[in-house]
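Understanding the architecture of this molecule
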Amino acid sequence: MNIEGKAHRTIWFENNSVKIIDQTKLPHHFIIKDLLTVKDSINAIKTMEVRGAPLIGTTAAYGLVLSIIENNDQTFLKKSSEDLIDSRPTAINLKWAVDRMMKKLSGVNSNEILKIALEEAKAIAEEDVEFCKNIGLNGLKIIEEIYKKKKDTVNILTHCNAGWLATIDWGTATSPIYHAHKKGIKVHVWVDETRPRNQGANLTSYELNEEGIPNTIIADNTGGILMQRGQVDMCIVGTDRTLSNGDVCNKIGTYLKALAAKDNNVPFYVALPSSTIDWSIKNSKDIPIEERDPAELSFVEGLDKNNKLQKILIYPQKSKSLNLAFDVTPAKYVTGLITEKGVCKASEKGLKELFK
Ligand code: MRU
């Protein structure tokens, strides 16, 4: 998508290094950073310089390319793959991408290994772009239906950043919105701020602004009253792991929005590529929920009056805080799953009809 009118992807390979946009500096600074080693890739995922389920999967795939450049040895490669999988626990795309790479690379000792790794990492990235584009075209039909009935701006609420910045291009939840805007349908997005890291305010609003899409940032607790007032026509969110029964694990707070949507008869859609489906876990209680540093709640970052990025403490020094990064929305609250293959019910039957 565009930044200052120029099309960008979120990750690419150039001159033996992996280029990423450092998302911890957005929206205030647009910085392209080089990852040179597998350790750099692990660190970028852990510190959330790159984040969002599909993007961390692709970063891990390129991390294995860097691992081979550094040390072309199978023991080193295996250790790199394990460390990459451990770098963040919840998004299944990370393990999916590493497993896909290792299927091609395990046991390959020839000089061809680098070429094979690079081709596979690029294929993962290209496939994600294609899938996200198709998610957009499939979700567009839902927005078009609402627009035809309403004959006025469609108000869409989204949570966190399931946008271009969480993928390689287009985004998942944002892709139908970008496609609708390109088709001339009037859309407006309610952007949940998404505490504690503010991915909605810092990233979703930023990328929508750059594409000229009207949007308004709201505090995380505002969605309920907007729905009661009829100011939300639909919700579209992303997901880090969707179980085969249709339960959706996504950024903390998604569940509460789904409850409010149900109470107000607002359709609640989840957009995802098939790389986000976990076919193995049957019970959502078994999904590993990431618990991050409580300092992400107590410190906020922004520009000071001299335009310098500063972190400041906003909580009492002695207070404890808890930082769970994801929650699970049961399938019964999800109106539909928007995938690259079409829209289906959030159920085993719905998913299997499309994917098996
Ligand atoms: O912790 P983050 O910023 O990686 O969480 C991101 C989300 O929760 C997104 O909604 C999700 O990854 C969907 S990706 C298109």
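Use the structure listed above.
Okay, so let's go over this structure. (Residues numbered from 1 in each chain as written. Predicted model: local features only at pLDDT ≥ 70, side-chain atom pairs only at ≥ 80, totals over all residues. Heavy atoms only, no water.)

It is worth spelling out the sheet that holds strand 13 (residues 277-278) at this point. Read across the open sheet, the four strands follow the order 13-10-11-16; overall the sheet is mixed. Looking at the sheet topology across the chains shown, the edges are occupied by strand 13 and strand 16 (326-329). In terms of strand pairing, strand 10 (residues 241-243) meets strand 13 through two bridges, oriented parallel. Looking at strand 13, one finds that Leu243 is bridged to Asp278. (Pairing = 2+ DSSP bridges. Helix = DSSP H or I, 4+ residues; strand = E, 2+ residues; numbered from the N terminus.)

Another aspect to go through is helix 4 (residues 92-105). Here helix 4 spans 20 Å end to end across 14 residues, near enough to the 20 Å set by a 1.5 Å rise per residue. All of the buried residues in helix 4 are Ile92, Asn93, Leu94, Ala97, Val98, Met101, Met102 and Leu105. Of the residues flanking the end of helix 4, it is Gly107, one or two places downstream, whose phi is positive at about 80 degrees. (Expected span 1.5 Å × (residues − 1). Buried < 20%, exposed > 50% of the residue type's maximum accessible area, 1.4 Å probe, protein only.)

With their axes 7 Å apart at the nearest point, helix 2 (residues 53-70) and helix 4 run at an angle of 35 degrees to one another. The two elements helix 2 and helix 4 cross, and the hand of that crossing is right-handed. Together, Ala53, Pro54, Ile56, Gly57, Ala60, Ala61, Leu64, Val65 and Ile68 of helix 2 and Asn93, Leu94, Ala97, Val98, Met101, Met102 and Leu105 of helix 4 make up the contact between the two elements. (Axes fitted to C-alpha atoms, helices over the stretch in contact; angles between N-to-C directions. Left-handed = near helix turned anticlockwise from the far one by under 90°. Contact = heavy atoms within 4.5 Å.)

Right, let's talk about helix 9 (residues 254-263) for a bit. All of the buried residues along helix 9 are Thr254, Lys257, Ala258, Ala260 and Ala261. Considered in projection along helix 9, the buried side chains sweep an arc of 165 degrees and stay on one side of the axis. Of the exposed residues in helix 9, those oriented more than 90 degrees away from the buried face are Leu256 and Asp263. Just downstream of helix 9 lies Asn265, where phi reads positive at about 55 degrees. (Arc of directions from axis to C-beta.)

With that settled, the discussion passes to unusual backbone geometry. A cis amide bond links Leu26 with the next residue in sequence, Pro27, at an omega value of 5 degrees. Note on placement: Pro27 falls in the loop between strand 4 (17-21) and strand 5 (32-35). Each neighbour pair has its own omega, and for Arg195 with Pro196 the value is 10 degrees, a cis peptide bond. For Lys151, which is not glycine, the phi dihedral falls at a positive 55 degrees. Within the fold, Lys151 resides in the loop between helix 5 (113-150) and strand 6 (154-158). The class of Lys151 is exposed, set by a relative accessible area of 68%. Of note in the backbone geometry, Asn198 takes a positive phi value of approximately 60 degrees without being a glycine. Mapped onto the secondary structure, Asn198 falls in the loop between strand 7 (187-192) and helix 7 (199-210).

What follows deals with the nonpolar core. One finds Tyr62, Met101, Ile143 and Val187 to be the most contacted residues of the largest nonpolar core, which totals 71 residues. Of all the elements, helix 5 adds the most residues to this core, at 13 residues. Ile143 has contacts with Val154, Ile156, Pro176, Ile177, Ala180, Ile185, Val187, Met234 and Ile236, leaving out every residue within four places of it along the chain. Of all hydrophobic cores here, the second largest spans 25 residues; its members include Leu157, Val232, Val248 and Leu351. (Core = buried A, V, L, I, M, F, W, Y, C linked by side-chain atoms within 4.5 Å.)

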